[in-house]
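# Reading the structure
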Amino acid sequence: MDAAQVRDYLALLSNNPHVQALLVVVLALAAAKLVDLIVSRAFRQLTAKTKTEVDDQILDALHRPIFTTVALLGLGIALVIEVPDDYEKYAKAAVGTLVALVWLAFFLRLSSILLQWMVREERRFQLVQPATAPLFGITAKLVILGFGIYFILQAWDIEVTAWLASAGIFGLAIGLAAQDTLGNLFAGISILADVPYRVGDYIVLDGGERGKVTRIGLRSTRILTRDQVEVTIPNAIIARSRIVNESGGPSPQRRLRLPVGVAYGSDIDQVTQVLLKVATSEGMVSSHPEPQVHFAGFGDSSLDLQVRCWINEPENRGRVTHNLNQAIYKALNAAGIEIPYPKRDVYVKELPSPPKGAAGKEA
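Residues numbered from 1 in each chain as written. Predicted model: local features only at pLDDT ≥ 70, side-chain atom pairs only at ≥ 80, totals over all residues. Heavy atoms only, no water.

## Structural notes on the packing of aromatic side chains
Any aromatic ring pair is given by two values, namely how distant the centres are and how the planes are angled relative to each other. This model, assessed by the stated rule, comprises seven aromatic pairs. Their ring planes at 85 degrees and their centres at 5.4 Å tell us that W103 and F106 sit as a pair that is edge-to-face. Highlighted residues: W103 and F106, both in helix 4 (residues 88-120), separated by three residues, approximately one helical turn. A residue is classified by how much of its surface remains accessible, and F106, at 7% relative accessible area, is buried. Ring geometry for W103 versus F107: centroids 6.2 Å apart, planes at 40 degrees, classification tilted. Remark: F107 and W103 occur in helix 4; sequence separation between them is four residues, near one turn of the helix. Residue classification places W103 among the partly exposed residues on the basis of a relative accessible area of 25%. Taking the relative accessible area as the measure of exposure, F107 reaches 39% and is therefore partly exposed. The rings of W103, F106 and F107 are connected pair by pair, giving a single aromatic cluster. (Phe/Tyr/Trp six-rings, centres within 6.5 Å; stacked < 30°, edge-to-face > 60°. Helix = DSSP H or I, 4+ residues; strand = E, 2+ residues; numbered from the N terminus. Buried < 20%, exposed > 50% of the residue type's maximum accessible area, 1.4 Å probe, protein only.)

## Description of the packing of helix 4 against helix 5 (residues 133-155)
Relative to each other, helix 4 and helix 5 sit at 165 degrees, their axes nearing to 9 Å. With respect to their mutual orientation, helix 4 and helix 5 come out roughly antiparallel. Crossing handedness for the pair helix 4 and helix 5: right-handed. Residue-level contacts link A93, G96, T97, A100, L101, L104, F107, L108, S111, L115 and V119 of helix 4 to A133, F136, G137, A140, K141, I144, L145, G148, I152 and A155 of helix 5. Of the residues belonging to the contact of helix 4 with helix 5, the class tally is 15 nonpolar, five polar and one charged. (Axes fitted to C-alpha atoms, helices over the stretch in contact; angles between N-to-C directions. Parallel < 35°, antiparallel > 145°, perpendicular 65-115°, else oblique. Left-handed = near helix turned anticlockwise from the far one by under 90°. Contact = heavy atoms within 4.5 Å. Nonpolar A, V, L, I, M, F, W, Y, C, P; charged D, E, K, R; others polar.)

## Describing the sheet that holds strand 8 (residues 303-311)
The strands making up a sheet associate through backbone hydrogen bonding, with each pair oriented either parallel or antiparallel. Strand order across the open sheet formed by three strands is 6-8-7, with antiparallel pairing between neighbours. The two strands at the open ends of the sheet, each matched to only one other strand, are strand 6 (254-262) and strand 7 (292-298). With strand direction ignored, the average angle separating the axes of adjacent strands in the sheet is 25 degrees. Here six bridges tie strand 7 to strand 8, and the two strands are oriented antiparallel to one another. Among the inter-strand pairings, F298 is bridged to a residue of strand 8, identified as L303. Contacts between helix 9 (residues 268-281) and the sheet are confined to strand 6, strand 7 and strand 8, with strand 8 contributing the most and set at about 25 degrees to the helix. Packed onto the sheet, helix 10 (residues 317-334) meets strand 6 and strand 8 and runs at close to 25 degrees relative to strand 6. (Pairing = 2+ DSSP bridges.)

## Some remarks on the environment of A187
Of note, A187 is situated in helix 7 (residues 179-194). Along the chain, A187 and S247 lie 60 residues apart, while their C-alpha atoms are 22 Å from each other. Dropping the residues within four chain positions of it, A187 is found in contact with N235, A236 and A239.

## Observations regarding the pattern of salt bridges
Counted by the stated rule, this structure contains six salt bridges. Between D60 and R44 there is a salt bridge; the shortest N-O distance is 3.3 Å. With D60 in helix 3 (residues 54-82) and R44 in helix 2 (residues 17-47), the pair connects residues that are 16 residues apart, well separated along the chain. By relative accessible area, R44 is classed as partly exposed at 34%. Three or more residues joined by partner-sharing salt bridges are found here, namely R44, D56 and D60. (Salt bridge = Lys/Arg side-chain N within 4 Å of Asp/Glu carboxyl O.)

## Notes on the side chain of S266
Looking at the secondary structure, you find S266 in the loop between strand 6 and helix 9. At 2.7 Å, the side chain of S266 and the backbone oxygen of A263 are in polar contact. For S266, the contacting residues outside a window of four places in its chain are V271, L303 and I337. (Polar contact = N/O pair within 3.5 Å; in protein donor to acceptor, adjacent residues only side chain to side chain.)

## Concerning the packing of helix 3 against helix 4
Describing two packed helices takes the angle between their axes plus the distance from one axis to the other. Where helix 3 contacts helix 4, the axes come no closer than 9 Å and their chain directions differ by 180 degrees. As summarised for this structure, helix 3 and helix 4 are arranged roughly antiparallel, according to the angle between their axes. Taken together, the residues of the contact of helix 3 with helix 4 break down into 20 nonpolar, four polar and three charged.

## Focus on the nonpolar core
In terms of nonpolar packing, the biggest core is built from 21 residues, with V262, L275, L305, V307, L324, I328 and L332 touching the most fellow members. Secondary structure elements with two or more residues in this core: strand 6, helix 9, strand 8 and helix 10. The next biggest cluster of nonpolar side chains, apart from the first, holds eleven residues, and it includes I203, I216, L218 and I223. (Core = buried A, V, L, I, M, F, W, Y, C linked by side-chain atoms within 4.5 Å.)

## Comments concerning helix 7
An ideal rise of 1.5 Å per residue puts 22 Å on 16 residues; helix 7 measures up with 22 Å between its terminal C-alpha atoms. Within the span of helix 7, buried status applies to N184, A187, G188, I191 and L192. An end-on view of helix 7 places all buried positions within 135 degrees of arc, on one side of the element. Away from its buried face by more than 90 degrees, helix 7 exposes Q179, F186 and D194. Buried residues along helix 7 sit in contact with strand 2 (210-216), strand 4 (230-234) and helix 8 (235-239). (Expected span 1.5 Å × (residues − 1). Arc of directions from axis to C-beta.)

Below, the structure is given as structure tokens:
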């Protein structure tokens with residue numbers, strides 16, 4: 001075969017649509033690989049400068065959608081060359097659907113990667129916690145799926161206005177039917193965002209409920225009382241309540257104030273020493289800050305003092321109060337210091353005269 005015949009054969013092949021389509025597919029695969037390598041190397045230099053691993057995970061997830069997208073675009077061009085004109089729009093719609101599905105899978109994986117990273121970085125993203133991660137994960141997936149369905153419908157030239165109107169009416173109906181649940185849900189999100197308390201804190205609500213927070217959910221908060229009874233409180237109620245966090249502040253310590261009254265005439269210095277000795281002898285009382293005794297004032301029948309000390313755990317308040325009151329009573333009795341109590345003296349001015357005739361009857 002001479003050169004002229006070879007040129008004629010190549011010209012014949014170049015006019016063959018099947019050969020042209022195959023050539024486009026091969027070139028698209030080569031271009032996809034080249035683009036993937038360029039993007040990967042460019043972003044790899046940037047991710048190498050960071051300490052976090054989340055950018056490396058995102059870059060690894062990008063390989064498949066980048067390669068597949070370029071390859072599918074080449075496939076779309078090949079189909080346009082290969083298929084008849086009547087089926088060209090269906091070929092384009094099919095390729096567009098595949099591209100949308102590829103990127104839909106990528107964004108679903110991206111949302112999962114970012115959500116896991118936010119959970120690990122709880123200090124930076126206080127709203128995203130293990131308890132709320134499923135909610136944000138489901139919400140992100142629904143939003144991504146919604147956009148994916150929208151682009152697929154657009155690829156097939158399907159009108160989406162009616163679908164959006166139906167979805168709005170359906171969402172309104174659900175919102176009205178589940179308004180209490182949604183109220184608790186949004187209240188739970190606000191609690192997790194504002195962080196008025198954490199798991200393990202001791203809180204007191206307006207209704208008098210006091211206990212240790214065992215779980216903060218999206219619908220309710222659970223506290224464990226001193227009676228070992230678990231109380232479940234809807235978040236909407238907590239959001240409207242005044243919350244006293246006994247474990248809040250710069251430290252979990254809590255100060256106790258114990259009123260003590262002694263009789264007038266008692267030696268104040270001696271009383272102070274006795275009370276300080278009792279407070280420092282209690283094992284659950286913190287040594288820093290040191291216990292103090294304050295002379296609060298003059299009562300109706302007593303000198304009013306106040307023992308002030310700190311405990312490390314708010315849950316021990318009742319136990320420490322009992323121990324200190326018992327020890328103070330014993331110590332004051334041992335020291336001969338009187339603890340006054342209300343006394344009433346009754347004076348009879350005169351006895352009533354006996355009724356008339358009482359003497360005769362007695363005789």
